[in-house]
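Breakdown of the fold
Residues per chain are reported as follows:
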Amino acid sequence: MTHDILIAVLILGALGVLFAVVLYIVAQKFKVIEDPLIDEVAEVLPGANCGGCGKAGCRAFAEACVAQGNMEGLRCAPGGDAVMAKIGQLLGCTVEQGEPQVAVVRCHPANCGEKRRSNYDGLKSCAFANTVYTGENGCPFGCLGCGDCVAACQFDAIHMGPDGVPVVDADKCTACGACAKACPRRVIELRNKGKKERRVYVSCVNKEKGAVAMKTCANACIGCGKCAKVCPMEAITVADNLSYIDYKKCIACRKCVTECPTKAIKDVGFPAPAVKPAPKPVEAPAAENVEIPVAEKVEVKN
Amino acid sequence: MNLLNISGSPHVHSDESTKKIMWRVNLALVPALLVAIAYFGLNALLVSIVSVAACVLFQWLIEKFILKVPSTVCDGSAIVTGLLLAFNVPATVDMLWIVVIGALVAIGIGKMSFGGLGKNPFNPALVGRVFLLISFPVQMTTWPQVGGLFPMSLDVTTGATPLGILKEEGMAAMPQAWDLFLGHVGGSMGEVSALAILIGAIYLLCRKIISWHIPVAFIGTAFVFSGILWLINPEQFLDPLSSILAGGIMLGACFMATDMVTSPMAKSGQLIFGFGCGLLTIVIRNWGAYPEGVSFAILIMNCVTPLLNRWCKPRRFAC
Amino acid sequence: MKTFRMGGVHPEENKISNDAAIEVMPVGKQMVVLMNQHLGAPATPIVQKGDKVKVGQLIGEAQTFMCANVHSPVSGTVLKVEPCKDAFGLAKPAVYINVEGDEWMETIDRTPDIKRECTLEPKEIVAKLKEMGIVGLGGATFPAHIKYSIPEGKTAEYLIINAAECEPYLTSDYRVMMEHAEEVCIGVSILRKALGVPNAYIGIESNKPLAIKKMQETAKEFEGIIIEPLKVKYPQGAEKQLINAVTGRRVGSGKLPIDSGCVVSNLGTAFAVYEAIQKNKPLIENILTVTGKELPSQHNYIVRIGTTYNEIIAHSIGQLPETTGKVISGGTMMGKAVVNLDAPTVKGNSSVLVIGEKEAHRNPETACIRCGKCANACPMGLEPYLFSLLVKNNRVEEAKEHNILDCIECGCCFFSCPANKPLTDEIRLGKNKVRAMMAAKK
């Protein structure tokens with residue numbers, strides 16, 4: 001009996017020692033020597049692996065930072081200035097301060113429903129739908145509403161709105177840019193958050209001629225250029241029948257918003273007007289929705 | 001006028017659905033169920049109803065309260081699991097509550113814990129069956145003796161299965177192959193009559209729900225392998241015909257090994273899968289601790305399925 | 001009976017417009033002629049606002065290699081040259097023509113006589129195909145002059161004419177065979193001469209016994225035309241599958257039919273070739289099937305290219321039935337759903353197919369039960385279920401390794417999937433991703 005136990009103990013013990021030796025040798029042989037700084041930098045990063053920096057993940061970003069030795073051209077948008085400053089400290093270099101940004105969906109939800117011409121029944125993927133047709137309201141530039149951006153977001157910051165156009169939750173958005181990259185039509189753009197989170201932007205990317213664009217959406221930008229004329233900062237340019245507001249120059253005066261005949265320009269973050277706003281231009285029917293700031297996500301009855 | 005629908009091609013579908021497949025499998029199991037009722041009486045019906053009801057209930061509860069997803073009980077897959085589980089247990093009164101535990105394990109652990117239909121690596125009914133076999137060895141091997149047509153009494157005499165007889169009493173006591181084919185022997189509910197199972201299997205083959213590859217490879221391998229053993233020593237080993245008719249090989253080969261979710265997709269993979277099942281069954285029967293090895297054989301081959309899917313690719317048209 | 005070696009499905013044939021003789025659709029008031037009606041770069045418009053054009057006059061010139069000429073289908077005045085939205089809503093360069101009378105180019109032979117002899121040399125034939133703007137009418141609209149210019153170092157051994165018409169509903173090829181068998185055979189002879197091959201094979205599915213008989217009788221009078229009855233199985237008319245069925249050869253991955261010594265053209269193309277070479281008539285007309293179970297009547301039409309879908313519908317059935325769910329250009333398996341009914345027809349359109357509301361919707365997707373039906377149905381021997389997973393998880397590299405680019409998008413996988421997974425859509429998306437990845441690597 002004791003004999004048996006002894007043999008079992010010896011065999012198991014010998015096996016244990018053998019494996020330990022093998023493991024040790026293998027561990028030594030295949031050891032990867034890495035700069036400990038990479039670990040430290042990776043520790044500071046948010047760890048969401050969103051890919052917004054253009055690297056494969058947070059670890060790859062940390063490696064790139066350490067390899068480069070400074071932060072030129074590298075920025076972790078989700079981490080923001082706080083994280084960047086910490087990495088700067090670790091690397092012992094200065095870091096440029098960046099303006100906080102947010103993703104902006106440049107397409108009007110209000111009119112998609114009314115002007116719907118077709119009903120998409122295929123694979124729920126914008127990248128695929130984009131190869132099949134123009135979109136349910138026939139706009140070849142606007143949002144397709146299949147939610148590739150929603151799927152791409154790591155931070156749960158973008159959701160499909162009731163009208164089939166995504167809504168960004170500005171508090172959660174880290175401006176990593178994953179949604180903008182996922183959108184096959186480049187409807188989503190990263191813009192500066194702006195003072196008091198007040199932003200003005202052209203909520204349309206349709207480059208068709210005015211009359212054609214109006215056929216598909218009442219809130220389309222028709223490229224009339226009225227906004228560019230009233231802008232005191234020369235922040236607005238019109239090209240290819242489409243106006244664009246440079247967020248670096250814009251001071252959010254909202255002159256263009258009232259001027260726009262199709263209500264294509266959206267203002268976000270401003271307090272809702274107490275009484276009815278200025279009389280509407282004749283050409284913009286049923287545009288009550290437009291004044292509701294997206295950030296407040298007010299349910300609107302059509 | 002309606003809005004025009006848009007989608008990529010094709011714009012037409014064969015009208016085949018998971019639901020239809022599952023209900024057809026249920027239909028294919030009916031002959032075996034009828035035979036079981038005929039041989040084992042009301043007990044068989046009761047065990048089946050309890051098993052099916054428990055499986056459906058557990059699936060509904062888990063989907064509703066744990067996974068919080070829309071219920072899929074209507075697709076009939078839980079009923080298939082319930083029936084197969086009932087077919088794999090003896091038709092005795094004891095089983096009425098034991099089979100509920102089996103159903104919980106089959107649906108809860110065997111299926112839903114992996115994410116539901118289509119994601120389970122093991123055949124859920126077999127997971128439940130093996131769990132019961134290990135946990136309740138006495139009840140699971142107390143076989144009711146066949147009591148003629150419609151024995152209404154609830155007290156059924158018990159006896160051994162053909163394979164049990166073989167293991168304990170030797171070759172001489174074995175029933176004839178013809179009895180095995182018709183099912184006039186003791187055993188689990190669904191496995192007694194090879195004939196009833198074959199009727200169901202032929203229906204499934206005609207409906208193209210199963211292909212011939214797995215059943216033929218499974219039964220063929222078991223036949224050939226047990227034949228070789230029998231030729232070596234007819235005293236010790238059972239003859240090949242009785243081998244494939246006795247026990248669960250027919251039920252396993254036609255209904256459980258062919259489970260779409262847990263068997264390989266390519267034809268070559270299915271042949272290897274069937275071969276492995278047949279081989280393991282005979283090995284377990286002859287040299288294992290249990291008289292029957294079909295459940296274990298199939299579960300072991302289920303483990304190999306992902307590998308077979310990886311190795312056995314369909315032949316490409318363009319090389 | 002001959003067929004291809006693996007996979008395939010058999011959707012309901014629905015050839016309900018089989019017996020409708022080909023009618024001539026009257027010309028509308030205004031025509032819009034798109035400049036890219038073919039695979040490749042758009043043609044360059046060579047007319048301006050106010051120009052007078054005649055039927056058959058060149059209005060769009062092929063200026064790059066992969067391009068085809070476009071001719072005016074009507075006579076009248078050019079209204080404007082600007083983009084027009086095509087059937088899928090995408091703006092394409094186009095020429096708008098106000099129709100005035102019906103004055104044809106003098107060179108076009110409009111007599112009903114059938115002209116058999118062709119004295120042109122192979123090179124002249126190819127040059128004329130280019131001049132007349134002939135493209136493949138099987139759906140891909142590949143410019144014919146490129147297909148029939150055999151590259152250096154390759155030889156054509158087989159000419160295969162696709163008359164399988166394996167798509168459900170479509171009957172235009174069938175009607176052409178029944179009504180213009182002789183012209184088709186002349187067209188095939190011309191193509192055979194252009195390639196210099198001894199035999200041309202016309203593959204016809206055996207569900208068209210009358211057409212097979214008619215073609216066999218007609219082909220007797222011609223040298224080197226062999227009729228091949230084929231088994232009724234979709235996709236019998238797919239290029240690679242047809243080559244396999246007729247010759248037993250297989251076209252390799254990423255290879256063209258000519259690499260296996262084959263050239264495949266559609267039956268409609270052969271008819272267009274006859275008209276172009278023997279009658280000097282450019283490709284300005286389509287033969288269209290107007291069909292659908294919901295429609296009060298079934299039709300086959302000769303339609304001038306540039307007629308809008310709405311005009312065709314208005315002339316044939318008045319208006320779309322209330323129960324319309326989908327309008328498809330092409331058959332139900334590979335046709336494209338149309339969004340914009342104001343769009344003009346283009347070369348290669350073969351039908352206006354109206355599907356009822358009930359059949360137009362896809363059933364909701366359920367979980368994959370790994371039944372392997374998609375892999376069994378795949379005529380290319382691929383694994384659609386695997387692509388579905390790989391594409392969803394963005395594993396593009398692996399999808400490429402599993403030969404996703406071999407897929408011919410025939411739709412057999414989605415057709416046979418009991419879980420209603422949009423497999424074909426997912427594979428198309430995957431192919432796009434793979435191509436994008438390959439382009440990025442370059």
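Residues numbered from 1 in each chain as written. Chains lettered and ligands numbered in written order. Predicted model: local features only at pLDDT ≥ 70, side-chain atom pairs only at ≥ 80, totals over all residues. Heavy atoms only, no water.

**Regarding the interface of chain C and chain A**
The condition that has to hold: Note on definitions: a residue-residue contact is assigned when non-hydrogen atoms from the two residues lie within 4.5 Å. When two components associate, each loses some accessible surface as probed by a 1.4 Å sphere; the sum of these losses over both components is called the buried area. Basic side-chain nitrogens of Lys or Arg form a salt bridge, by our definition, when they fall within 4 Å of a carboxyl oxygen of Asp or Glu.
Contacts between the two partners involve 15 residues from chain C and, on the opposite side, 18 residues from chain A. Carbon and sulfur atoms supply 60% of the area buried between chain C and chain A, which totals about 1300 Å² over both sides. For chain C, the biggest contributors to the area lost against chain A are Lys-85, Val-339 and Leu-429 of chain C; these three give 38% of the whole. Here chain C is connected to chain A by 1 salt bridge.

**Overview of the confidence of the model for chain A**
Counted only if it meets this: Scored from 0 to 100, pLDDT reflects the predictor's confidence in each residue.
Per-residue pLDDT for chain A has a mean of 83; in total, 88% of the residues score no lower than 70. In this model residues 280–302 of chain A is a low-confidence stretch, pLDDT under 50, and it forms 33 contacts with partners more than four residues away in sequence or in other chains.

**Describing the interface of chain B and chain C**
Basically, it comes down to this: Segments assigned H or I by DSSP are reported as helices when at least four residues long, segments assigned E as strands when at least two residues long, and all are numbered from the N terminus. Classification convention: Asp, Glu, Lys, Arg as charged; Ala, Val, Leu, Ile, Met, Phe, Trp, Tyr, Cys, Pro as nonpolar; all other residues, Gly among them, as polar.
Facing the 36 residues of chain B at the interface are 64 residues of chain C. Of the roughly 4200 Å² buried between chain B and chain C, counting both surfaces, carbon and sulfur atoms make up 54%. Three residues, His-11, Met-265 and Phe-317 of chain B, lead the burial of chain B against chain C; their summed loss comes to 21% of the area buried on that side. Here chain B is connected to chain C by 2 salt bridges. Asp-406 of chain C is the partner of Arg-316 of chain B in a salt bridge, and the nearest nitrogen-oxygen pair spans 2.8 Å. Counting only elements with at least two residues in the side of chain B that touches chain C, the list comes to β1 (4–6) and α1 (18–40) of chain B. It is β1 of chain B that contributes the most residues to the side of chain B that touches chain C, 3 residues altogether. Counted by class, the side of chain B that touches chain C contains 15 nonpolar, 13 polar and 8 charged residues.

**Observations regarding the packing of aromatic side chains**
Residue and element names in this part refer to chain A. Which entries qualify depends on this criterion: Between 30 and 60 degrees the pair is tilted, below 30 it is stacked and above 60 it is edge-to-face, where a pair is any two Phe, Tyr or Trp rings, Trp via its six-membered ring, whose centres lie within 6.5 Å. Buried residues are those whose accessible area, probed at 1.4 Å on protein chains only, stays under 20% of the maximum for their type, while exposed residues exceed 50% and partly exposed ones sit between those limits.
Within this structure, the stated rule accounts for 6 aromatic pairs over all chains. Geometrically, the ring pair formed by Tyr-120 and Tyr-133 is stacked, given 5.2 Å between the ring centres and 10 degrees between the ring planes. Separated by 13 residues along the polypeptide, Tyr-120 in strand β2 (residues 118–120) and Tyr-133 in the loop between α5 (126–132) and α6 (148–152) bring together distant segments of the chain. Of the two residues examined, Tyr-120 and Tyr-133, each falls in the buried class.

**Describing the side chain of Ser-203 of chain A**
Residues and elements named next belong to chain A. Mapping Ser-203 onto the fold places it in the loop between β6 (199–202) and α8 (210–216). Residue classification places Ser-203 among the buried positions, given a relative accessible area of 1%. What Ser-203 contacts, discounting residues up to four positions off in sequence, is Val-105, Arg-106, Cys-107, His-108, Ala-264, Ile-265 and Lys-266.

**Considerations on the sheet that holds strand β3 (residues 44–45) of chain C**
Residues and elements named next belong to chain C. This is how it is decided: A pair of strands is labelled paired if DSSP reports no fewer than 2 bridges between them.
Ordered in space as β3-β5-β6, the 3 strands form an open sheet in which the pairing is antiparallel. A strand with exactly one partner marks an edge of an open sheet, and here the two such strands are β3 and β6 (70–71). Pairing between β3 and strand β5 (residues 58–61): 2 bridges, direction antiparallel. Bridging across to β5, Thr-44 finds its partner in Glu-61.

**Notes on the pattern of salt bridges**
Residues and elements named next belong to chain C. What the rule picks out here adds up to 40 salt bridges over all chains. Between Glu-106 and Lys-54 there is a salt bridge, and its shortest N-O distance comes to 2.7 Å. Of this pair, Glu-106 sits in the loop between β10 (94–99) and α1 (122–131) while Lys-54 sits in the loop between β4 (52–53) and β5, and the two are 52 residues apart along the sequence. Judged by relative accessible area, Glu-106 falls into the exposed class, the value being 62%. Across the pair Lys-154 and Asp-259 runs a salt bridge, and its minimum N-O distance is 3.0 Å. With Lys-154 in the loop between α2 (144–147) and β11 (158–162) and Asp-259 in the loop between α6 (239–247) and β14 (262–266), this pair connects stretches of sequence that are 105 residues apart.

**Some points on the sheet that holds β10 of chain C**
Here we have 4 strands laid out as an open sheet, ordered β2-β10-β7-β4 (chain C), and antiparallel in their pairing. The open sheet terminates on both sides in strands that have one partner only, identified here as β2 (30–34) and β4 of chain C.

**A short note on the domain arrangement of chain A**
Residue and element names in this part refer to chain A. As a reminder of what qualifies: Segment limits for the domains were obtained from an automatic or database-derived domain assignment.
Examined at the domain level, chain A breaks down into domain 1 (36–91) and domain 2 (101–296). In this complex, domain 1 contributes 7 residues to the contact, which on the side of domain 2 involves 7 residues. Across the domain 1 to domain 2 interface the summed buried area is about 540 Å²; carbon plus sulfur atoms make up 60%. Summed over the three residues of domain 1 that lose the most area to domain 2, namely Ala-48, Cys-50 and Pro-78, the buried surface amounts to 59% of that side.

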